[in-house]
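# Coordinate analysis (summary)
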Amino acid sequence: MEHADPSQFASVSKPPFGQWLIEQENREGAIGELAKHAKADRSFPKSGTVKDVWKRLNTMQVEGDLYDAMEEAELDYLAL
């Protein structure tokens, strides 16, 4: 019996969350709106983690709809 090559199961690395979110700017709905806000924010953590982006949203005290969009975006990103 031949064993599987572990390298075939290597996961594809995903971009940092901040970068991934900005790339969603053409997406319909709340995540697209959040991405547009992120792209326009000069201090947005483009190379940041999910936690970094949450900190930025809290610092900016964004509208409640953007918090909901962030929760949705986080789930989409984690599912990659």
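Above this text you will find the structure in question.
Rules used in this analysis
- Residues numbered from 1 in each chain as written.
- Predicted model: local features only at pLDDT ≥ 70, side-chain atom pairs only at ≥ 80, totals over all residues.
- Heavy atoms only, no water.
- Helix = DSSP H or I, 4+ residues; strand = E, 2+ residues; numbered from the N terminus.
- Salt bridge = Lys/Arg side-chain N within 4 Å of Asp/Glu carboxyl O.
- Buried < 20%, exposed > 50% of the residue type's maximum accessible area, 1.4 Å probe, protein only.
- Polar contact = N/O pair within 3.5 Å; in protein donor to acceptor, adjacent residues only side chain to side chain.
- Contact = heavy atoms within 4.5 Å.
- Axes fitted to C-alpha atoms, helices over the stretch in contact; angles between N-to-C directions.
- Parallel < 35°, antiparallel > 145°, perpendicular 65-115°, else oblique.
- Nonpolar A, V, L, I, M, F, W, Y, C, P; charged D, E, K, R; others polar.

### A look at unusual backbone geometry
One non-glycine residue, Gln 61, lies in positive phi territory at about 50°. Looking at the element boundaries, Gln 61 is found in the loop between helix H3 (50-60) and helix H4 (64-78).

### Things to note about the pattern of salt bridges
One pass over the full model with this rule turns up four salt bridges. The closest approach of N and O atoms between Glu 33 and Lys 36, which form a salt bridge, is 3.6 Å. Of this pair, Glu 33 and Lys 36 both sit in helix H2 (residues 29-40), three residues apart, roughly one helical turn. In this structure, Asp 41 engages Arg 56 in a salt bridge whose closest nitrogen and oxygen atoms are separated by 2.8 Å. On the criterion of sequence distance, the pair formed by Asp 41 in the loop between H2 and H3 and Arg 56 in helix H3 is long-range, its members being 15 residues apart.

### As for the side chain of Asp 41
Residue classification places Asp 41 among the buried positions, given a relative accessible area of 15%. Here Ser 43 takes part through its backbone nitrogen, which lies 2.9 Å from a polar atom of the side chain of Asp 41. In contact with Asp 41, other than residues within four places in its own chain, are Lys 46, Arg 56 and Met 60.

### Details of the packing of H3 against H4
The N-to-C vectors of H3 and H4 enclose an angle of 175°; their axes lie 11 Å apart at closest approach. By the angle class used here, H3 and H4 are roughly antiparallel. Between H3 and H4, the contacting residues are Val 50, Val 53, Trp 54, Leu 57 and Asn 58 on the first element and Leu 66, Tyr 67, Met 70, Glu 71, Glu 74 and Tyr 77 on the second. Here the contact of H3 with H4 is composed, by residue class, of eight nonpolar, one polar and two charged.

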